[in-house]
Amino acid sequence: MFLRNITFFHIFDEKFSKQPNMPANRNALIRYKTIDNCLRNKYRQWTLEDLIDACSDALYEYEGIDKGISKRTVQMDIQMMRSEKLGYSAPIVVYDNKYYKYDDEDYSITDTPLTEQDLRVMSEAVEVLRQFRGFSYFSEMGDIVSRLEDHVTSARQKTVPVIDFEKNESLKGLKYLDIIYHAIVNKQVLIMKYRSFRARSASDFIFYPYLLKEYRNRWFVFGIKKESSTLMNLALDRIHQIDIAEKEYYQENTIFDPATFFNDMVGVTKNADTKAETVRIWVNVENAPYVETKPIHKSQRVVERLEDKSVIFEMTVVINPEFQRELFGYANGIKVLSPQPLVDFIKNKLIQACGLDE
């Protein structure tokens, strides 16, 4: 098929750059997004020259264009963003006769409502994406296509969506995804202001980011602090502020292999030197089908099927808080047989939950 020989991005550029309400090319989109990111940063003042530099850097990073852009181009971009031509109507204002900002601090061009034209373009995009289903290199995108298809259909028909995906509408920290992602890709060091659940106040430190990880609709970034070799995972919803440490030298990841690090675990909690253990559990007849059809861990296997149709499973997994919570989720339908420290842990927690003494 011809789709094997072209990428989705080539299709997108060819099809949607010709739409009357779309920016003329991808470079314009990059500039709009860059200007938007700058003006959303309330911790810095932005002159026109600063915006020109940011757009030039972005075009070099994404497109390899190193000739820079003119003052007039950015001025026209700002006018276009302020106008209704693209549906932005961005509230960009100038203060002190020098600095640019959004008059509405919560505004972003990414939050503007979809027009009928936008929905039509998105519908065509979904149709293009659907053609990729079945290809091995596109298998992980199946649920994304379904999400887009359902969202576009419900928006156009003003109906209730027929697919309800798991989500966390109140989750904080998602605004940091983009800056962390690009910091990892571009090997940039971060100045992190972070407060853990146990800390009384936020602390500042230099952080080398290596990997972003999602678990149950929460995002985490793995990396190490400056002058440390201990791998950390930081929840994005506990981050208070992030900045790029321009003068810091990036320390390469020699701590863990992201491709294999999560193979022996459930969730995100694990030290680089933590070893997996063999865990054996008994599951009663009511819960055995659920555990078998949705394994607690991918290493799970059936050891024995008993006469009462209960099942004994075994798996090799890191015993971390996320794994323990999975076991607690089955309450009295599951019994941990080994290892003994895990048996004792589960027993003590259940005793505490019942308010009983040992």
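A word on the packing of aromatic side chains. As enumerated under the stated definition, the model contains 12 aromatic pairs in all. Ring centres of Tyr208 and Tyr250 lie 6.4 Å apart, and the angle between their planes is 85°; this geometry places the pair in the edge-to-face category. One end of the pair, Tyr208, is in strand β5 (residues 203–215); the other, Tyr250, is in the loop between β8 (239–244) and β9 (277–283), with 42 residues separating them in the sequence. The interplanar angle of 90° and the centroid separation of 6.1 Å between the aromatic rings of Tyr210 and Tyr250 together place this pair among those described as edge-to-face. Remark: Tyr250 occurs in the loop between β8 and β9 and Tyr210 occurs in strand β5; sequence separation between them is 40 residues. For the pair formed by Tyr210 and Tyr250, the shared burial category is buried. Connected via pairs of aromatic rings, a cluster forms that spans Phe222, Phe256, Phe261 and Phe262. Seen from the ring of Trp46, Arg44 lies directly overhead, with NZ or CZ sitting 4.1 Å from the centre.

In this section: the environment of Ser89. When you line up the elements, Ser89 lands in the loop between α4 (71–82) and β2 (92–95). Given a relative accessible area of 36%, Ser89 falls into the partly exposed group. Taking the C-alpha atoms as reference, Ser89 lies 8.5 Å from Ile109; in sequence the two are 20 residues apart.

Cut-offs and rules
Residues numbered from 1 in each chain as written. Predicted model: local features only at pLDDT ≥ 70, side-chain atom pairs only at ≥ 80, totals over all residues. Heavy atoms only, no water. Phe/Tyr/Trp six-rings, centres within 6.5 Å; stacked < 30°, edge-to-face > 60°. Helix = DSSP H or I, 4+ residues; strand = E, 2+ residues; numbered from the N terminus. Buried < 20%, exposed > 50% of the residue type's maximum accessible area, 1.4 Å probe, protein only. Lys NZ or Arg CZ within 6 Å of the ring centre and 35° of its normal.

Distances and angles like these do not, on their own, reveal function.
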